[in-house]
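Survey of secondary and tertiary structure
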Amino acid sequence: MQKSRKTCISAYNGSLINQIIIMINTDKPVSRFASLMNRLKFNTPSPRLRQASPLMRWRRRGASSYLEEIKYSRDIRPDDLLCIDRQKTSLRLNTEQFINNYPANNVLLWGPRGTGKSSLVKAIFSEYRERGLYLVEVTRDNLIDLNDICDELNQYAGKFIIYCDDLSFDVNDPSYKTLKVLLDGSVSDIPDNILIYATSNRRHLIPEFRSENLEAEIIDGEIHQSEAVEEKLSLSERFGIWLSFHPFNQEQYLQIAFHWLARTGVKVGDREQVRQAALQWALEKGTRSGRSAAQFARNWAGMTLLADNG
């Protein structure tokens, strides 16, 4: 039986030196060394950003977490978002307060898919970007790092929106508990230069079941919800502003579709033909959402240009 030999490998990581001592079998030294270097690569964090970028995301790779610049994104203008004027006005006003160092609230945007929740957050960011607003995308799984993210952002000058898209939790999800405590409950508070804007298809962010409502009690004429329901309300109520979004009716859907067609620059000839095609598109997609309208416009514009220039 061949004896093993110890090999010491030192990896430099910023100001840290990690000494890793492994046993490499003399019969397979190359494969063992390659495996070690592969693990080392994914556990070495990227260098800290020298300065904040207007658009960033929080990344986790192996045991490392860090801010990463997002270099490419589609620009959305507030004027492109139709039929949500009430929500647009409310989010714009809250952001204006935030930019001017006045009190402002964390915001939960909730409603069916494709109704403009995510697009509105991106559009407001585009509007205020030149005035020093930063947007940091954080996925649900990375919300457990929320305290570290706030500590990191607090080292930079500027106003930061932590953007959490399409949130949905289980009650025992550690990310749920982290967000709940940080919003209102921890002895530490979110820094004054940070707000959280979150979107969700669920009003209370976690599944609700009929059986939980049946557990409610009536005491002295008042309804007292069950503990399960109270727990589910406890997170969403910690957002200062709720913005509800609703499905578009047929005329609103068509208005949005024609708007995006105009933005492509393609001339609309027979409007009735386009109208019927847009309605058929919505029927096949099973939704009259703003997203579906924009997708129809891109498809129609592409087919028209291909036919004209093919």
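Let me begin by describing the structure that accompanies this report. (Residues numbered from 1 in each chain as written. Predicted model: local features only at pLDDT ≥ 70, side-chain atom pairs only at ≥ 80, totals over all residues. Heavy atoms only, no water.)

1. Things to note about the nonpolar core
Nonpolar side chains in soluble globular proteins tend to be buried together. Convention followed: Only buried Ala, Val, Leu, Ile, Met, Phe, Trp, Tyr and Cys residues count toward a nonpolar core, and they belong to the same one when joined by side-chain atoms within 4.5 Å. Buried residues are those whose accessible area, probed at 1.4 Å on protein chains only, stays under 20% of the maximum for their type, while exposed residues exceed 50% and partly exposed ones sit between those limits. Should any heavy atoms of two residues lie within 4.5 Å, those residues are considered in contact.
Of all hydrophobic cores here, the largest spans 43 residues; its most connected members are Leu91, Leu109, Tyr253, Leu261 and Phe296. The residues contacting Phe296, other than those within four sequence positions of it, are Tyr253, Ala257, Leu261, Val274, Ala277, Ala278 and Trp281. Counting 26 residues, the second largest nonpolar core, distinct from the first, contains Ala52, Leu146, Tyr156 and Leu182.

2. So, the packing of aromatic side chains
Stated formally: When the centres of two rings from Phe, Tyr and Trp lie within 6.5 Å, Trp using its six-membered ring, the rings pair. Their planes under 30 degrees apart give stacked, over 60 give edge-to-face, and anything left gives tilted. We count a stretch as a helix when DSSP gives it H or I for four or more residues in a row; a strand needs E for two or more, and each element gets its number in order from the N terminus. A ring is scored as having a charge over it whenever the NZ atom of a lysine or the CZ atom of an arginine sits within 6 Å of its centre and within 35 degrees of its normal.
By the definition in use, this model includes three aromatic pairs. Geometrically, the ring pair formed by Trp281 and Phe296 is edge-to-face, given 6.1 Å between the ring centres and 65° between the ring planes. Of this pair, Trp281 sits in helix α9 (residues 271-285) while Phe296 sits in helix α10 (residues 290-309); the two residues are 15 residues apart in sequence, bridging distant segments of the chain. Seen from their ring centres, Phe296 and Trp300 are 5.9 Å apart, and the 35° between their planes marks the pair as tilted. Placement of the pair is Phe296 and Trp300 together in helix α10, with a separation of four residues, close to one helical turn. The pair formed by Phe296 and Trp300 is uniform in burial state, with each residue classed as buried. Taken together, the ring pairs connect Trp281, Phe296 and Trp300 into an aromatic cluster. Here Lys159 stacks its cationic end above the ring of Phe98, 5.1 Å away from the centre of that ring. Directly above the aromatic system of Phe258 lies the positively charged group of Arg271, at a separation of 4.0 Å from the ring centroid.

3. Considerations on the pairing of strand β6 (residues 133-137)
Heads up, the rule is: At least two DSSP bridges between two strands are required for those strands to pair.
In terms of burial, β6 is a largely internal element, four of the five residues being buried. Pairing geometry for strand β3 (residues 55-61) and β6, over three bridges, is parallel. Each bridged residue has a counterpart across the sheet, and for Arg57 the counterpart in β6 is Glu137. In the sheet, β6 pairs with strand β7 (residues 159-164) via five bridges, with the strands oriented parallel.

4. Some words on the pairing of β7
For β7, a buried count of six out of six residues is recorded, marking the element as mostly surrounded by other parts of the structure. The side-chain alternation of β7 yields two buried faces, one formed by Lys159, Ile161 and Tyr163 and the other by Phe160, Ile162 and Cys164. The pairing of β7 with strand β8 (residues 194-200) spans five bridges and is classified as parallel. Among the inter-strand pairings, Tyr163 is bridged to a residue of β8, identified as Tyr197.

5. Re a positive patch on the surface
Rules: Within this analysis, patches are made of residues with over 30% relative accessible area and no salt bridge. Like charges are joined at 9 Å or less; nonpolar side chains (Val, Leu, Ile, Met, Phe, Trp, Tyr) at 5 Å or less. Surface accessibility follows the Shrake-Rupley procedure with a 1.4 Å probe radius. Residue values consider only the protein chains on display as shielding. Each salt bridge in this description consists of a side-chain nitrogen of Lys or Arg and a carboxyl oxygen of Asp or Glu lying within 4 Å of one another. Just so you know, the count uses Lys and Arg for positive and Asp and Glu for negative, and it drops His and the chain ends. The location of each charge is read from NZ of Lys, CZ of Arg, CG of Asp or CD of Glu.
On the surface, Arg74, Arg113, Lys122, Lys285, Arg291 and Arg298 cluster together into a positively charged patch. Residue position: Arg74 is located in the loop between β4 (64-69) and α2 (85-99).

6. A short note on the sheet that holds strand β11 (residues 241-244)
Hydrogen bonds between backbone atoms are what pair the strands of a sheet, whose relative direction is either parallel or antiparallel. Here is the rule we go by: Axis angles are defined between N-to-C directions and span 0 to 180 degrees, where every axis is a line fitted to C-alpha atoms and, for a helix, only to the segment in contact.
Pairing in this open sheet of seven strands is mixed, and the strands run β4-β3-β6-β7-β8-β5-β11 from one edge to the other. Each having just a single partner strand, β4 and β11 make up the two edges of the open sheet. Taking the axes of each pair of neighbouring strands and ignoring which way they run, one obtains an average angle of 20° across the sheet. Pairing geometry for strand β5 (residues 107-110) and β8, over four bridges, is parallel. By the bridge assignment for β8, Val107 is matched with Tyr197. Of the strands in this sheet, β5, β6, β7, β8 and β11 are in contact with α2, which crosses β11 at around 155°.

7. Thoughts on unusual backbone geometry
Phi is positive for Cys83, close to 65°, though the residue is something other than glycine. Owing to a relative accessible area of 28%, Cys83 belongs among the partly exposed residues under this scheme.

8. A closer look at the environment of Asp192
Inspection of the secondary structure puts Asp192 in the loop between α5 (174-183) and β8. You can call Asp192 exposed: its relative accessible area is 74%. Sequence spacing of Asp192 and Lys159 is 33 residues, and the spatial spacing of their C-alpha atoms is 8.5 Å. In this structure, Asp192 is in contact with Phe98 and Lys159, ignoring residues within four places of it in sequence.

9. So, the pattern of salt bridges
In a structure, side chains of opposite charge can pair up when their charged atoms sit close to one another. Summed over the entire model, instances satisfying the criterion amount to eleven salt bridges. Close ionic contact of Asp80 with Arg77 constitutes a salt bridge, the shortest N to O distance being 3.7 Å. For Asp80, a relative accessible area of 2% gives the class buried. On the basis of relative accessibility, which here comes to 41%, the residue Arg77 falls in the partly exposed class. Between Arg92 and Glu127 there is a salt bridge, with the nearest N and O atoms lying 3.1 Å from each other. Highlighted residues: Arg92 in helix α2 and Glu127 in helix α3 (residues 117-128), separated in sequence by 35 residues.

10. Side note on α2
Definition in use: An expected span of 1.5 Å times one less than the residue number is assigned to each helix. Summarising the geometry, the arc corresponds to the directions from the helix axis toward the C-beta atoms.
Between its terminal C-alpha atoms α2 stretches 21 Å, which fits the 21 Å expected from 15 residues at 1.5 Å a residue. Three or more residues of α2 are buried, namely Gln87, Lys88, Leu91, Asn94, Thr95, Phe98 and Ile99. Down the axis of α2, the buried set is contained in an arc of 140°. They therefore lie on one face. Contacts from the buried residues of α2 go to β5, α3, β6, β7, β8 and β11.

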